[in-house]
Amino acid sequence: MKGAVINLAELRYSEEGRLLFTAEMKEEYKVLVPQMAPFHFDLLVEALIQEGFKAELLDNIGPNLVNEGLKYVHNDSCYPAILVIGQILDAIKNRGYDSHKVAVIITQTGGGCRASNYIHLLRAALKKSGLSHIPVISLNISKLEKNPGFNPSYKFWFKAIWSVVYGDLLMQLYNEVKPYEISDGESDRLVEQWKEQVKYSFQNSSVLNIKALKQNIESLIKDFARIPVADTKLPRVGIVGEIYVKYSSVGNNNLEDYLREENVEIVIPPLMDFLLFKLDYRALEVDWYGGKFIKKFGINLIIRWIEKLRDHSRDLLKKAGFTRPIEFVKLRQLVKGIVSRGNRMGEGWLLTAEMIELIKSGAPNIVCAQPFGCLPNHISGKGVLKTLKDRYPEANIVVIDYDPGASAVNQKNRIKLMLSNINR
Ligand code: SF4
């Protein structure tokens, strides 16, 4: 961390005393983005870069992240908060950034869950480390915090949606092809190649050019279908749970690598379903608690539009011999009689629905990854296991808690036990 002199006169604050990210900062500052979903965030960061931000995706990993996080975040706090804040502080302190020329961006869900408050924990951690001059930008769709230097155009939001669509496709195809590829590393190479192609298309074709998007999706699926694969079938193991520990190898102690070493095919539900789940509740709120009809109408329209686009890739995936992901509306129906659609804290009803969908689609072996003490996901994850077992006797689910003190050996032993049930 270089120590330049802070020109306090340059710093501007909101009425409530929050340090603002200004238009001048946009020109000069690097915007650091903590990693969560490796198939998606590369593309999302590219969308930020194309908006004129000097955005950088953090790739620092290792035990230092937890140690750094625990210095500033109480160990009772959510494990993802400890890791995200640990990754940011570790990068700022040890990667040679000029702390007076960096900003940080993190997502803020805006719901009732503690994820809405990670941003405040991060600001407190920066203050404790003497870095309160670093502005923190909230990426949200709830108009929670505004910054004069962060006003992404409509193009950014489209690219953000496309990042999730492409990221989900890459993740699914990689997971379905990788365990069977004859020539080692072909799927990895294709993922990297397609990430570059998507970035190029963000730059060179209109975000509203749906025809080009569909053509890209078709070529992407065809490319993966052409990879020569072995004629075998491995047991399928699903990974569900809290969003950070589900997608981030930092959060789940490299769960995906571990499962692949155990010779199984991994199935990870799409990130887009999580975003639609968050949107869907806002429409439901209008029915339950009142609100403007136009809000509900608009949200349902967006969900339908995204789903229509996904239908295109669903059909192509099926045609090419891959799994056809379930439609969001059907996913929502799966939990009827088990958890309410109003259960929206954390992963809410979506977590239960994803487990049911995995069981029904031939992946009854499931690792439910949850931060220790994550109450909402213990309710819709661990809390529904008995009901799922009664309804679907083939369900073979293990709930694994992740926290700073959890033993990796213990986690692996419990997963091994679940895997041994497959063989039986
Ligand atoms: S879902 Fe769990 S881990 Fe995530 S913010 Fe909520 S309580 Fe914390």
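Bear in mind the structure is a predicted one, so any value in this text is a computation, not a measurement.

Q: Help me understand the site of the ligand, please; the structure alone is not making it clear to me.
A: Every residue close to the ligand is listed here: Cys78, Pro80, Cys113, Arg114, Ala115, Tyr118, Glu242, Gly346, Pro371, Cys374, Pro376 and Asn377. Looking at the shell around the ligand residue by residue, the class counts come to eight nonpolar, two polar and two charged. No fewer than three residues from each of domain 1 (8-150) and domain 3 (234-270 + 329-424) sit in the shell around the ligand.

Q: Honestly, the domain arrangement of the protein in this entry has me stumped. Any pointers?
A: Interface size is commonly expressed as the accessible area that is lost once the parts come together. By domain assignment, the protein separates into domain 1 (8-150), domain 2 (153-232 + 292-324) and domain 3 (234-270 + 329-424). A straight line from the C-alpha centre of domain 2 to that of domain 3 covers 24 Å. Opposite the 11 residues of domain 2 that make contact, domain 3 presents 10 residues. By the criterion of area lost to domain 3, the three top residues of domain 2 are Met171, Asn175 and Tyr180, representing 47% of everything that side buries. For the pair domain 2 and domain 3, the interface holds zero salt bridges. Between the two partners, domain 2 and domain 3, sit four residue pairs in polar contact (both at pLDDT 80 or more).

Q: It is not clear to me how the environment of Cys368 should be interpreted in this structure. Could you clarify?
A: Within the fold, Cys368 resides in strand β7 (residues 365-371). Residue Cys368 is classed as buried on the basis of its relative accessible area of 0%. Put simply, Cys368 and Ile239 are 129 residues apart on the chain and 6.1 Å apart in space, counted from C-alpha to C-alpha. Residues contacting Cys368, with those up to four places away along its chain left out, are Val240, Leu351, Gly381, Ile397, Val398, Val399 and Ile400.

Q: What's the story with the layout of surface pockets in this structure? I'm lost.
A: It is the rolling of a water-molecule-sized probe over the atoms that shows where space remains empty. As a volume, the second largest pocket reaches approximately 470 Å³. Lining the second largest pocket are 26 residues, and of these Ile61, Gly62, Ser249, Val250 and Asn254 sit closest to its centre. Elements represented by at least two residues in the lining of the second largest pocket include exactly α3 (64-72), α4 (79-94) and α9 (243-247). With three residues, α4 is the largest single contributor of residues to the lining of the second largest pocket. Here the lining of the second largest pocket is composed, by residue class, of 15 nonpolar, nine polar and two charged.

Q: Hey, could you run me through a nonpolar patch on the surface in this one?
A: On the surface, Phe293, Ile294, Phe297 and Leu301 cluster together into a nonpolar patch covering about 430 Å² of accessible area. Position of Phe293 among the secondary structure elements: in helix α12 (residues 293-319). For Phe293, a relative accessible area of 60% puts it in the exposed group.

Q: Looking at this structure, how should I read empty space enclosed by the protein?
A: Across all of its chains, the model carries four cavities of 30 Å³ or more by this definition. Put simply, the largest cavity is a space of about 450 Å³. Contributing to the lining of the largest cavity are 29 residues, with Gln172, Ile268, Pro269, Pro270 and Pro325 lying nearest its centre. Elements represented by at least two residues in the lining of the largest cavity include exactly α6 (154-177), β6 (265-267), α11 (271-289), α12 and α14 (348-360). Top element by residues in the lining of the largest cavity is α6. It accounts for seven residues. Of the residues assigned to the lining of the largest cavity, the class counts are 14 nonpolar, five polar and 10 charged.

Q: How should I be thinking about the nonpolar core in this particular structure?
A: Inside soluble globular proteins, nonpolar side chains tend to come together where they are buried. If you look at the biggest cluster of nonpolar residues, it comprises 138 residues, and the most contacted ones within it are Phe21, Trp162, Tyr166, Phe224, Leu259, Val367 and Ile415. Per element, the largest residue contribution to this core is 13 residues, and it comes from α6. Excluding its chain neighbours within four sequence positions, the residues that come into contact with Tyr166 are Leu43, Val198, Ser201, Phe202, Leu213, Asn216, Ile217 and Leu220.

Q: It is not clear to me how the sheet that holds strand β2 (residues 54-57) should be interpreted in this structure. Could you clarify?
A: Consider a sheet: its strands pair through backbone hydrogen bonds, and that pairing is either parallel or antiparallel. One open sheet holds the four strands; their spatial order is β2-β1-β3-β4, and the pairing between them is parallel. Strand pairing shows two members of the sheet lacking a second neighbour, β2 and β4 (136-139), which therefore form its edges. Averaged over all pairs of adjacent strands, the angle between their axes in this sheet comes to 30°, without regard to strand direction. Examined bridge by bridge, strand β3 (residues 102-107) and β4 share four bridges and lie parallel to one another. Looking across to β4, one finds that Thr107 is bridged to Leu139. Sitting on the sheet, helix α5 (residues 118-128) is in contact with β3 and β4, with an inclination near 170° to β4.

Q: In this structure, what is going on with the pairing of β7? I would like to understand it.
A: Residues in a regular strand project their side chains so that they alternate between the two faces of the sheet. Among the seven residues of β7, seven are classified as buried, and the element is accordingly described as predominantly covered. Both faces of β7 are covered, namely the face carrying Asn365, Val367, Ala369 and Pro371 and the face carrying Ile366, Cys368 and Gln370. Across five bridges, strand β5 (residues 236-241) lies against β7 in parallel orientation. When the bridges of β7 are listed, Gly241 appears paired with Ala369. Here β7 runs beside strand β8 (residues 396-402); their pairing, made up of seven bridges, is parallel. By the bridge assignment, Ala369 is partnered in β8 with Ile400.

Conventions and cut-offs
Residues numbered from 1 in each chain as written. Predicted model: local features only at pLDDT ≥ 70, side-chain atom pairs only at ≥ 80, totals over all residues. Heavy atoms only, no water. Near = heavy atom within 4 Å. Nonpolar A, V, L, I, M, F, W, Y, C, P; charged D, E, K, R; others polar. Domains from an automatic or database assignment. Contact = heavy atoms within 4.5 Å. Buried area = accessible area lost by both parts, 1.4 Å probe. Salt bridge = Lys/Arg side-chain N within 4 Å of Asp/Glu carboxyl O. Polar contact = N/O pair within 3.5 Å; in protein donor to acceptor, adjacent residues only side chain to side chain. Helix = DSSP H or I, 4+ residues; strand = E, 2+ residues; numbered from the N terminus. Buried < 20%, exposed > 50% of the residue type's maximum accessible area, 1.4 Å probe, protein only. 1 Å grid on protein atoms, 1.4 Å probe; cavity = no way out; pocket = protein on both sides within 12 Å on 5 of 7 lines; lining within 4 Å. Points joined across faces, edges and corners; volume = space filled by probe spheres on them. Patch = residues over 30% accessible without salt bridge, like charges linked within 9 Å, V, L, I, M, F, W, Y side chains within 5 Å. Areas by Shrake-Rupley, 256 points an atom, 1.4 Å probe, with all protein chains shown as cover. Core = buried A, V, L, I, M, F, W, Y, C linked by side-chain atoms within 4.5 Å. Pairing = 2+ DSSP bridges. Axes fitted to C-alpha atoms, helices over the stretch in contact; angles between N-to-C directions.

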